[in-house]
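# Geometric and topological summary
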Amino acid sequence: MNWLERSISMVSPRWAYKRMAWRSGMSIFDAGDRGRLNSNWNPSMTPNENMNQAQRSLIRARAQDLE
């Protein structure tokens, strides 16, 4: 906690808590980061349409059978 955060917490603890919650919530936007935490992430570059096409016909056939 830096000097600004400490002074805000002395004046208004509620405001300091809201600032802390907002700062911790901003970490969700680190998904596109290529740092240490995401180094082993290997996403597929193929469209989802191609991956799901084979399964879609099976699901359609099962739905028709149930009908």
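Below: a short report on this structure. (Residues numbered from 1 in each chain as written. Predicted model: local features only at pLDDT ≥ 70, side-chain atom pairs only at ≥ 80, totals over all residues. Heavy atoms only, no water.)

## Concerning the overall build of the protein
In terms of regular secondary structure, the protein is built from three helices and zero strands. Reading the protein from its N terminus to its C terminus gives the helix and strand order α-α-α. When the accessible area of the protein is evaluated, it comes to approximately 6800 Å², of which 57% is carbon and sulfur surface. (Helix = DSSP H or I, 4+ residues; strand = E, 2+ residues; numbered from the N terminus. Areas by Shrake-Rupley, 256 points an atom, 1.4 Å probe, with all protein chains shown as cover.)

## Thoughts on the packing of helix H1 (residues 3–11) against helix H2 (residues 13–25)
Packed helix pairs are specified by the crossing angle of their axes together with the interaxial distance, meaning the distance between the axes. Closest axis-to-axis distance for the H1/H2 pair is 5 Å, and the angle between their directions is 140 degrees. Between H1 and H2, the interaxial angle falls into the category oblique. For the pair H1 and H2, contact is made by Leu4, Glu5, Ile8, Ser9 and Val11 and by Pro13, Trp15, Ala16, Arg19 and Arg23, respectively. Tallied by class, the residues present in the contact of H1 with H2 amount to six nonpolar, one polar and three charged. (Axes fitted to C-alpha atoms, helices over the stretch in contact; angles between N-to-C directions. Parallel < 35°, antiparallel > 145°, perpendicular 65-115°, else oblique. Contact = heavy atoms within 4.5 Å. Nonpolar A, V, L, I, M, F, W, Y, C, P; charged D, E, K, R; others polar.)

## Details of the side chain of Glu5
With respect to the helices and strands, Glu5 occurs in helix H1. Taking the relative accessible area as the measure of exposure, Glu5 reaches 8% and is therefore buried. Within the structure, the side chain of Glu5 is placed 3.3 Å from the side chain of Arg23, a separation counted as a polar contact. Discounting residues that sit within four places of it in the chain, Glu5 has contacts with Arg19 and Arg23. (Buried < 20%, exposed > 50% of the residue type's maximum accessible area, 1.4 Å probe, protein only. Polar contact = N/O pair within 3.5 Å; in protein donor to acceptor, adjacent residues only side chain to side chain.)

## A look at the pattern of salt bridges
What the rule picks out here adds up to two salt bridges. The partner of Arg19 in a salt bridge is Glu5, and the shortest N-O contact between them spans 2.6 Å. One end of the pair, Arg19, is in helix H2; the other, Glu5, is in helix H1, with 14 residues separating them in the sequence. Using a relative accessible area of 25% as the deciding quantity, one classes Arg19 as partly exposed. The residue Glu5 makes a salt bridge to Arg23 at a minimum N-O spacing of 3.3 Å. One end of the pair, Glu5, is in helix H1; the other, Arg23, is in helix H2, with 18 residues separating them in the sequence. What emerges from the salt-bridge pattern is a single network uniting Glu5, Arg19 and Arg23. (Salt bridge = Lys/Arg side-chain N within 4 Å of Asp/Glu carboxyl O.)

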